[in-house]
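Listed below are the residues making up each chain.
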Amino acid sequence: GNVGIGTDAPSAELDIRANAGPKIRLKNLNTANTAQLVLDGYRTSDADVSDIMFQNNATVISHIVAHRAGANNSGDLAFKTSAAGTSAEAMRIKSDGKVGIGTTAPTQKLEVVGSIYASGRLFLGDGGNPLVHFSRTNGAEDGMGLNYDKANNQVALANVYTGGGGSASFVQ
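Residues numbered from 1 in each chain as written. Predicted model: local features only at pLDDT ≥ 70, side-chain atom pairs only at ≥ 80, totals over all residues. Heavy atoms only, no water.

## A few points about the pattern of salt bridges
Opposite charge on two side chains lets them pair, provided their charged atoms get close. Quick note on the threshold: Each reported salt bridge corresponds to a side-chain nitrogen of Lys or Arg within 4 Å of a carboxyl oxygen of Asp or Glu. Here a helix means four or more residues in a row that DSSP labels H or I, a strand means two or more in a row labelled E, and each is numbered from the N terminus. The cut-offs for exposure are 20% and 50% of the maximum accessible area for each residue type, with area from a 1.4 Å probe on protein chains only; residues under the lower value are buried, those over the upper are exposed, and the others partly exposed.
Within the structure shown, the criterion is met by 7 salt bridges. Residues D46 and R68 are paired through a salt bridge, measuring 2.8 Å at the closest nitrogen-oxygen approach. Placement of the pair is D46 in the loop between β2 (14-16) and β3 (48-56) and R68 in strand β4 (residues 59-68), with a sequence separation of 22 residues. Residue R68 is classed as buried on the basis of its relative accessible area, which comes to 12%. A salt bridge links R92 to D76; its shortest N-O distance comes to 3.0 Å. Taken as a pair, R92 in strand β6 (residues 86-93) and D76 in strand β5 (residues 75-83) lie far apart in primary sequence, 16 residues in all. With a relative accessible area of 9%, R92 lands in the buried category. Exposure remark for D76: the relative accessible area of 5% places this residue in the buried category. Look at the salt bridges and you will find they share partners, linking D76, E89, R92 and K94 into a network.

## A closer look at the sheet that holds β5
Test applied: Note: two strands are recorded as paired if DSSP finds a minimum of 2 bridges between them. Between the N-to-C directions of two axes lies an angle of 0 to 180 degrees, each axis being a line fitted to C-alpha atoms and, for a helix, fitted only over the stretch in contact.
If you walk across this open sheet you meet the 6 strands as β3-β4-β5-β6-β7-β8, and the pairing is mixed. The two strands at the open ends of the sheet, each matched to only one other strand, are β3 and β8 (110-112). Sheet twist, expressed as the mean angle between neighbouring strand axes with direction ignored, is 20 degrees. For strand β7 (residues 99-101) and β8, the ladder comprises 3 bridges, and the chain directions are parallel. Across the sheet, residue G100 finds its bridge partner in β8, namely E111.

Written as structure tokens, this is what we have:
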């Protein structure tokens, strides 16, 4: 049966209600271990396994969802938000560490679908010659690029096309 704390009519296996803001505390008294909250799903195919829902007046306004990804020991983490009652995924962290904002299938370490606004500086560097690549298609190698030549302290505007060829004009 269901257990209720603060209610005589629990609507879930454990239903806690309070007028002063209910709290659940897991306190670890052993310095050698960590406190854990385990949400253990049971899926044998790729699907949402566990879901932490945030509600306002019994309406879901956002979620954090664990999604089985390819194997029982692999998973993605999705962050969903709601607008006017419609839930949509806003960001996903894939099992390989890639992060997607506006996409559920990022192909790069960080992939953003949509506009980006930054009020500060953008720093790029790979320890060598960083490249800013402007492409018409996600992941395509054609387009234009800005390349910094560290050895000669020059910036190149490069015409890049598939196959890695192209031409560059250096500006000092």
